[in-house]
2 protein chains.
Amino acid sequence: MGNIIKLNASFISYGNAVGKKEYDGPLGPRFDMHCTDDRYGKATWESAESEMQRLAFNCALAKKNLKFEDIGALFAGDLLNQCVGSAYGLCGCNIGYYGLYGACSTCGEGITLASVFTTHGIYERCAAVTSSHNASAERQYRNPIEYGSQRTPTSQWTVTGAGAFIIGDGDAGMVKIRAALPGRVIDKGINDCNNMGAAMAPAVCDTLVRFFRESGTSPEEYDLIITGDLGYEGASILRALMAIDGYTLGENYTDCGILIYDKRLQDTHAGGSGCGCSASVLSAYILPEMRARVYKRVIFVASGAMMSPDMIKQGESIPAIGHLLVFEV
Amino acid sequence: MGNIIKLNASFISYGNAVGKKEYDGPLGPRFDMHCTDDRYGKATWESAESEMQRLAFNCALAKKNLKFEDIGALFAGDLLNQCVGSAYGLCGCNIGYYGLYGACSTCGEGITLASVFTTHGIYERCAAVTSSHNASAERQYRNPIEYGSQRTPTSQWTVTGAGAFIIGDGDAGMVKIRAALPGRVIDKGINDCNNMGAAMAPAVCDTLVRFFRESGTSPEEYDLIITGDLGYEGASILRALMAIDGYTLGENYTDCGILIYDKRLQDTHAGGSGCGCSASVLSAYILPEMRARVYKRVIFVASGAMMSPDMIKQGESIPAIGHLLVFEV
């Protein structure tokens, strides 16, 4: 029995909500919703993050005139301690709820599990919802943003954004989810929490190499290979690591953390990160481009750095993961 | 399409590791491993928790002479910020990893997902692993244990323990996993983080009532209905809430948080809690008793309180969840 999971599911609908910086970036006009003060009308950053999840999910439902009761189960997670962005944001939907923690890889993990459930007829439709918020994540992982602390060149900027995906047995025009390969927890000894790209690249490389070997395919057979979110630093490390294993990532390779901000105009250093990064780029850019037949066969690897601030303070290094999915249209 | 998930999986093996207080309790001799100083040879409580997960998983594998490569996927989670107990504890297994966050309900969530994967032939065997540690959880949720802070009567004692379950297509003598019903996130306005039983009881009631209605069964048809972990306070509230909905929980109802400590001899107030509570009681007591035919048909509802200390400080109430499973032998 192989490790690749065969799937037969479709993205029935998707929605997203982002912050000001994301709206000001190159993908700005593609997002469904944005908020110019990142607060979404709430008194705390944590509640703003929950509100983004609620809005993204409601937006995805509304696009196809679906209701809460049309969804069999929710797979949701975020970066916050005890994943409160999701639990508070999706409370009240009255839908079976599976809480996930995969750090920035949560979007890929949720889509995999939702696709498994619908492929095997457990429920007709499931949803995967994830979020991150720059202000809630930065003060939890590093410093309150009011400090205006200086950032290192390898640090990534936590995306303020949420993405929601409704998955089920869709019609012919929809993007299909064909396969998944779960990531393994890989720790190569990186202990700089301001260089998550370096920590995550080996985990993504591990998943990609296992996928190409088991599937017998090679990188050039895909229109797009996109990781989310290694950023500039992690993406360049991934290219080098893949080359060691004999795989060349060409022009068809990019990263969600690279796409979401303008390197020249927006001061985000190594690019974007956070559960909301790959979720918002996937829902606002990759899937619409696939529906427009710009990309027909896509590998998406959602990557996550699974440390906590406590573990870094205790001198531990950073375990990471990369969940792979194959999309086709 | 109903909400109850039909399953056809077995508990192939299970293992656990606990702390001193758990070993001193009424189930003490039943646990596979214990450590008299709760440190498991590690320098930090967090690393001790990870070590318990590693040991519990290895113990479950060893009992059936299984190796890491015999397991298709791991479903794991814990209470710590960013779920580091699991990521660090299971790093190096080289097994596909799905990180979960369901607070104290994680054991039920993981067993459900592992059973879905093996029932539908995605992998031959999967594992669900969870843990909690009194010292790491108490200092994260409340106060460092060195403070010796006074505890309120409704507070529960976080169990130091980990449980691991290997799930697949077992032989006739093994305990079968027949059905699951995912919990919904329910928030009834409880905002006392020292009364998690009151916060969780409505969520467990919601799942139980939905299960009895959809399955057409009633509480007296089961040899044992066990929640984990409402403790004394939550269990008594659950009885009252169920009665309002027309269901009487009789002598066949108890709770993992009630079973694990001695109310008279051990100063744990409202009972045990934590991901490790239901995981260690299930693996050390319920499943062995089922194999001995003491209980033949069991409902297990793993309950979780999904708040974080930050949300409580911000004045928010506590969302909770209860994941139900039906076991038969």
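Residues numbered from 1 in each chain as written. Chains lettered and ligands numbered in written order. Predicted model: local features only at pLDDT ≥ 70, side-chain atom pairs only at ≥ 80, totals over all residues.

### Examining the interface of chain B and chain A
Here is step 1: Across the boundary between the two partners, chain B contributes 47 residues, which contact 47 residues of chain A.
Here is step 2: Its residues assigned to classes, the side of chain B that touches chain A shows 27 nonpolar, 13 polar and 7 charged. (Contact = placed C-beta atoms within 7 Å. Nonpolar A, V, L, I, M, F, W, Y, C, P; charged D, E, K, R; others polar.)

### Things to note about unusual backbone geometry
Here is step 1: For the peptide bond that leads from Gly228 of chain A to Asp229 of chain A, omega is 15°, which places it in the cis range.
Here is step 2: Here Cys83 of chain B, not a glycine, exhibits a phi torsion of approximately 50°, which is positive.
Here is step 3: Tracing the chain through its elements places Cys83 of chain B in the loop between strand 3 (73-78) and helix 3 (84-90).
Here is step 4: Given 29 C-beta atoms within a 10 Å radius, Cys83 of chain B is considered buried.
Here is step 5: You will see that Ala103 of chain B, though not glycine, has its phi angle at about 50°, which is positive. (Helix = DSSP H or I, 4+ residues; strand = E, 2+ residues; numbered from the N terminus. Buried ≥ 20, exposed ≤ 12 C-beta atoms within 10 Å, placed from the backbone.)

### A look at the environment of Val326 of chain A
Here is step 1: By secondary structure assignment, the location of Val326 of chain A is in strand 13 (residues 320-328).
Here is step 2: If we skip the residues at most four places from it in the chain, Val326 of chain A touches Arg178, Ala179 and Ile299 of chain A.

### Things to note about the relation of the copies chain B and chain A
Here is step 1: When chain B is fitted to chain A, the best match, at an RMSD of 0.0 Å, comes from turning it 180° and sliding it 0.0 Å along the axis. In symmetry terms, the pair is related by a two-fold rotation axis.
Here is step 2: Counting the interface residues of chain B, we find that 100% of their copies in chain A are interface residues as well, pointing to one common contact surface. (Least-squares fit on C-alpha atoms with pLDDT ≥ 70 in both.)

### Topic: the domain arrangement of chain A
All names here are of chain A.
Here is step 1: What the domain assignment reports for chain A is domain 1 (8-168) and domain 2 (176-328).
Here is step 2: Using C-alpha coordinates to define each centre, domain 1 is positioned 18 Å away from domain 2.
Here is step 3: Each partner contributes to the interface: domain 1 provides 49 residues, whereas domain 2 provides 50 residues.
Here is step 4: Breaking the side of domain 1 that touches domain 2 down by element, the ones donating at least two residues are strand 1 (5-18), helix 1 (20-23), strand 3 (73-78), helix 4 (106-119), strand 5 (125-132), helix 5 (134-141), strand 6 (157-158) and strand 7 (161-168).
Here is step 5: A per-class count over the side of domain 1 that touches domain 2 returns 20 nonpolar, 22 polar and 7 charged. (Domains from an automatic or database assignment.)

### A look at helix 6 (residues 196-215) of chain B
For an α-helix, 3.6 residues make a turn, and residues three or four places apart therefore share a direction.
Residue and element names in this part refer to chain B.
Here is step 1: The end-to-end C-alpha separation of helix 6 is 28 Å, in line with the 28 Å expected for 20 residues at 1.5 Å each.
Here is step 2: Taken across its 20 residues, helix 6 has 14 buried, putting it largely inside the fold.
Here is step 3: Two residues or fewer after helix 6 comes Gly216, characterised by a positive phi angle close to 70°. (Expected span 1.5 Å × (residues − 1).)

### Observations regarding the environment of Val204 of chain B
Residues and elements named next belong to chain B.
Here is step 1: With respect to the helices, strands and loops of the structure, Val204 is situated in helix 6.
Here is step 2: Judged by local crowding, Val204 falls into the buried class, with 32 C-beta atoms found within 10 Å.
Here is step 3: Between the C-alpha atoms of Val204 and Gly108, which are 96 residues apart in sequence, the distance is 12 Å.
Here is step 4: Among residues more than four places away in sequence, those in contact with Val204 are Thr227, Leu230, Leu238, Val301, Ser303 and Gly322.

### Considering the environment of Phe117 of chain B
All names here are of chain B.
Here is step 1: Within the secondary structure, Phe117 is located in helix 4 (residues 106-119).
Here is step 2: Residue class for Phe117 comes out buried when judged on the 26 C-beta atoms lying within 10 Å of it.
Here is step 3: Each C-alpha atom, one on Phe117 and one on Ala9, is 9.3 Å from the other, the two residues being 108 residues apart in sequence.

### Structural notes on the pairing of strand 8 (residues 176-181) of chain A
All names here are of chain A.
Here is step 1: In the sheet, strand 1 pairs with strand 8 via 4 bridges, with the strands oriented antiparallel. Among the inter-strand pairings, Lys6 is bridged to a residue of strand 8, identified as Ala179.
Here is step 2: Looking at chain direction, strand 8 and strand 13 are connected through 5 bridges and run antiparallel. Across the sheet, residue Leu181 finds its bridge partner in strand 13, namely Leu324. (Pairing = 2+ DSSP bridges.)

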